[in-house]
Amino acid sequence: AEYGGTVRALEFSCDSKLLSICYGSSVSLWRVPPARRQFAALALRRRIPVRGRALCTAFSANARWIAAGSDDCTVTVFSVKHRRNYVPPTLSAHRHPIVDVFFKGDDAEAVYSISRDGTLIHWVYICLL
């Protein structure tokens, strides 16, 4: 496959049905074939552009959400499935590139991000409706 940059991170979803690959300024989502089909190829599900270079990624426990950290010091939370009118939030408070991201809980009620200088930020979703 043509990645267009150095692969910086790989992450399987908890159910092992999806694989995310960070390279260049995007994250690609791949469908993983079932274990019984040992020689089947991965199928590209979609390519997600991110701001800056994609450095790390994480799936929520239910595999509905994916977070991507980048070298522009931001974390963006994407929906794995297309959602009409969904605008991925960009979380920005770090002063150094993101080195890892994690979701908390089965429904992704929070995101943690860690930057190169060791700063840990706990992000919480609050619905104002």
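Use the structure listed above.
Visitor: Honestly, the environment of Asn-85 in this entry has me stumped. Any pointers?
Guide: Turning to its location among the elements, Asn-85 is positioned in the loop between β7 (74-79) and β8 (90-92). Each C-alpha atom of the pair Asn-85 and Ile-21 lies 25 Å from the other, and the pair is 64 residues apart in sequence.

Visitor: Help me out: how do you make sense of the packing of aromatic side chains in this one?
Guide: Geometrically, a pair of aromatic rings is defined through the distance of the ring centres and the angle of the planes. What the rule picks out here adds up to one aromatic pair. Seen from their ring centres, Trp-65 and Tyr-86 are 5.5 Å apart, and the 55 degrees between their planes marks the pair as tilted. With Trp-65 in strand β6 (residues 65-70) and Tyr-86 in the loop between β7 and β8, this pair connects stretches of sequence that are 21 residues apart.

Visitor: Is there a simple way to think about the sheet that holds β6 in this case?
Guide: Strand pairing in a sheet is mediated by backbone hydrogen bonds. Such pairs are either parallel or antiparallel. Sheet architecture is open: four strands sit in the order β5-β6-β7-β8, paired in antiparallel fashion. Strands with a single pairing partner mark the edges of an open sheet, and in this sheet they are β5 (54-59) and β8. Across this sheet, the average inter-strand angle for adjacent strands is 20 degrees, counted without regard to direction. Bridge analysis of β5 against β6 gives five bridges, and the strand direction is antiparallel. Looking at β6, one finds that Thr-57 is bridged to Ala-68.

Conventions and cut-offs
- Residues numbered from 1 in each chain as written.
- Predicted model: local features only at pLDDT ≥ 70, side-chain atom pairs only at ≥ 80, totals over all residues.
- Heavy atoms only, no water.
- Helix = DSSP H or I, 4+ residues; strand = E, 2+ residues; numbered from the N terminus.
- Phe/Tyr/Trp six-rings, centres within 6.5 Å; stacked < 30°, edge-to-face > 60°.
- Pairing = 2+ DSSP bridges.
- Axes fitted to C-alpha atoms, helices over the stretch in contact; angles between N-to-C directions.

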